[in-house]
Structure formats: C-alpha cells, structure tokens
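Each chain, written out:
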Amino acid sequence: MNFKIPKNTDKFSWTNHSVRKMMQYQLSEARVKRVMNNPKRKELGIAPGTIAVMQPNSSKHSYEIWVMYQV
C-alpha cells in the first residue's frame, strides 16, 4: 500500500505522531475522517481538551479504530 501523507488544511492539522500511527496501522486520511464523522462511541480523550471516538472494523478480524482529536 502506498501511503499518502495528509496535508494540513484550515479544518485539519495532522501531527507527526498521527501520521506515523496512520502509517503503522495502514489507515488512510479518508478512513480517519470517516471515524470522526460517524463514530459508534464517543468519550472524553485522555489528554486535556480532546475527544476520542471509535468505530469498529467490519472484517473477519474484528478490532476498533480509535481517533483522538482536539476541536
């Protein structure tokens, strides 16, 4: 899979840590945004001022994709 590094925009600012984790888990920018826009679960993030959202993966190997962001 060719990983495409997401570009910072007015709405999104990607940290180096988030880009490295996206590469590690082979998540695209679109997949991360989809989790943010349509979460199954929403909680307060562990870092101050953040929100954590989750969406389960729908494959035979079930796992959860968590995204933490700051408004």
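Up top is the structure these notes are about.
Here the structure is a predicted model, which is why all the values come from computation and not from measurement.

The rules behind the values
Residues numbered from 1 in each chain as written. Predicted model: local features only at pLDDT ≥ 70, side-chain atom pairs only at ≥ 80, totals over all residues. Heavy atoms only, no water. Salt bridge = Lys/Arg side-chain N within 4 Å of Asp/Glu carboxyl O. Helix = DSSP H or I, 4+ residues; strand = E, 2+ residues; numbered from the N terminus. Buried < 20%, exposed > 50% of the residue type's maximum accessible area, 1.4 Å probe, protein only. Contact = heavy atoms within 4.5 Å. Phe/Tyr/Trp six-rings, centres within 6.5 Å; stacked < 30°, edge-to-face > 60°. Pairing = 2+ DSSP bridges. Axes fitted to C-alpha atoms, helices over the stretch in contact; angles between N-to-C directions.

A. The arrangement of the pattern of salt bridges in detail. Evaluation of the coordinates by the stated rule reveals two salt bridges. In this structure, Glu 29 and Lys 33 form a salt bridge, with 3.0 Å as the shortest nitrogen-oxygen distance. Residue Glu 29 and its partner Lys 33 are located together in helix H2 (residues 29-37), separated by four residues, close to a single helical turn. Judged by its relative accessible area of 26%, Lys 33 is partly exposed. The salt bridge partner of Glu 43 is Arg 41, with a shortest N-O separation of 3.1 Å. For Glu 43, a relative accessible area of 38% puts it in the partly exposed group.

B. Highlighting the side chain of Thr 50. You can see Thr 50 is positioned in the loop between strand S1 (41-44) and strand S2 (51-56). Thr 50 gets classed as buried once you look at its relative accessible area, which sits at 10%. Ignoring sequence-local partners within four residues, the contact set of Thr 50 consists of Leu 44, Gly 45, Met 68, Tyr 69 and Gln 70.

C. Quick look at the packing of aromatic side chains. Enumeration according to the criterion identifies one aromatic pair in this entry. Here the aromatic rings of Phe 12 and Trp 14 are separated by 5.9 Å at their centres, their planes lie at 20°, and the arrangement is stacked. Comparing Phe 12 with Trp 14 shows no difference in burial state: the two are buried.

D. Layout of the sheet that holds strand S3 (residues 64-69). Ordered in space as S1-S2-S3, the three strands form an open sheet in which the pairing is antiparallel. Single-partner strands in this sheet number two, and they are S1 and S3. Taken pair by pair, the neighbouring strands of this sheet meet at an average axis angle of 20°, ignoring direction. Across six bridges, the pairing between S2 and S3 is antiparallel. The partner of Gln 55 across the bridge, within S3, is Ile 65. Contacts between H2 and the sheet are confined to S2 and S3, with S2 contributing the most and set at about 105° to the helix.

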